[in-house]
Amino acid sequence: MRLSYIIRALEEYAPGALQEKWDNSGLQIGLPDGDGECTGVLLCVDVTESVIEEAARLGCNLVVSHHPLIFKGLRRIAGSTVTERAAMAAIRSGIAVYSAHTSLDSTMGGVSYAMASRLGAEVERVLVPSELQFKRISVTCPRELAASVRLVLLDHDAGTEPCSDNSSLSPTAPVADTDSAVSYYDCEEESLPKSPGPEPGVVDIRHTALTRVEAVVPAWKCAGLAASVTEIPGAESAKVDILPLDNRPANLGLGVIASFPQPVNMAELADKIKKEFGCRAIRVSAAYAPDAKVRRIALCGGAGGEFIGKARSAGAQAYISADIRYHDFADNRSGMAIFDIGHFESESCAKDIFYHVLTNKFANFAVYYSEIESNPVKYL
């Protein structure tokens, strides 16, 4: 299975364009031979030197993580930091690293959705809808260039989204060609004059079959993608249209609002959180009351303290997230209860998402969970 096929499957589910501007999702380290064959995938939350060594032992030459290995720019790779040593180990072993961080947080069916599912709650809507503006880019070109155009639109840095006949922005929407993340549409053949034949005054006519390749992309990437398409040899005169979209991606964004079929008390909710997320301890706000009933909850994987106000405004009776500051607890002593379940614990379900995406797409491909990875935070 080629590396590009695996990246395409992951980005069909969690488009790179959904990542926050400060993030660095995407391919972190490539294979030595570029778009080579992947022998297996190891899934983790954090990439460490030990995880790279585990991948090598399992015969995997690709690690897929939630947290980016390279988050802040590396000024050197000398082995002086944990990140540098992990990067060196990956390069030395010929192992690629791909990360889907806030792109997986913001996609429909992403981390917060998975958190709700573990607790048996049904998602009502996104807590903080994405502000991304999308447009449709449509390229009409000779059919023999369609594959090259598709590769440009599927560039993992471009963050393209599947495009279907109904212009849906849902990452799980069906596409016209199930083997690609952009849709193909056949256009009518166009007659183009050929050079004059051997007999004077006789003009040969050839028919060039044209194909339209379309994708839904972030508005701010359209100009760059259009320029890249016209740089393809033979596609200089390709017709590139950038079209507005009326519908907004209301199902994309950070966090979710969800509800239980029947109310549960806070003590039951705390026990279920501990069981489902493997929490040894939970920090709770002063509003926690063991017998208080909870039906509507808000959830956000990772550090979600900045969204406490939005969760409260949405009518949530409990907010489940991580990395909550002391002053956030102090300022929210009553009303909605806050559950800080730990950063690693809240995002461990990212591995489950990766697993289901890849095994559903590639049934006979080797996909492993890291067994040596552990929470870097210890509880005494």
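Structure first, text after, so check above.
Residues numbered from 1 in each chain as written. Predicted model: local features only at pLDDT ≥ 70, side-chain atom pairs only at ≥ 80, totals over all residues. Heavy atoms only, no water.

Participant: Outline the nonpolar core, supporting the account with residue identities and numerical values.
Facilitator: Leu269, Ile273, Ile297, Ile320 and Phe339 are the most contacted members of the largest nonpolar core, which totals 53 residues. Tallying contributions element by element places helix α5 (residues 111-119) first for this core, with six residues. Leaving out residues up to four positions away in the same chain, Leu269 has contacts with Leu119, Phe260, Val264, Val294, Ala318, Ile320 and Phe339. Core analysis: the next-biggest nonpolar cluster, separate from the first, contains 18 residues, Val217, Val229, Ile232 and Ala235 among them. (Core = buried A, V, L, I, M, F, W, Y, C linked by side-chain atoms within 4.5 Å. Buried < 20%, exposed > 50% of the residue type's maximum accessible area, 1.4 Å probe, protein only. Helix = DSSP H or I, 4+ residues; strand = E, 2+ residues; numbered from the N terminus. Contact = heavy atoms within 4.5 Å.)

Participant: Quick one: what's the story with the sheet that holds strand β12 (residues 253-265), residue by residue and with numbers?
Facilitator: Spatially, six strands are ordered β5-β12-β14-β15-β16-β13 in an open sheet, and the strand pairing comes out mixed. Edge positions in the sheet fall to β5 (122-129) and β13 (283-284), since each has one partner strand and no second. Here six bridges tie β12 to strand β14 (residues 293-303), and the two strands are oriented antiparallel to one another. Its bridge partner being in β14, Asn265 is matched across the sheet by Lys293. (Pairing = 2+ DSSP bridges.)

Participant: Account for the packing of helix α6 (residues 146-153) against helix α7 (residues 222-230), with residues named and values stated.
Facilitator: Two elements in contact, α6 and α7, have axes separated by 10 Å at closest approach and are oriented at 150 degrees. When the interaxial angle is binned, α6 and α7 end up roughly antiparallel. Crossing geometry of α6 relative to α7 is assigned as right-handed. For the pair α6 and α7, the contacting residues are Val149, Val152 and Leu153 in the first and Leu225, Ser228 and Val229 in the second. (Axes fitted to C-alpha atoms, helices over the stretch in contact; angles between N-to-C directions. Parallel < 35°, antiparallel > 145°, perpendicular 65-115°, else oblique. Left-handed = near helix turned anticlockwise from the far one by under 90°.)

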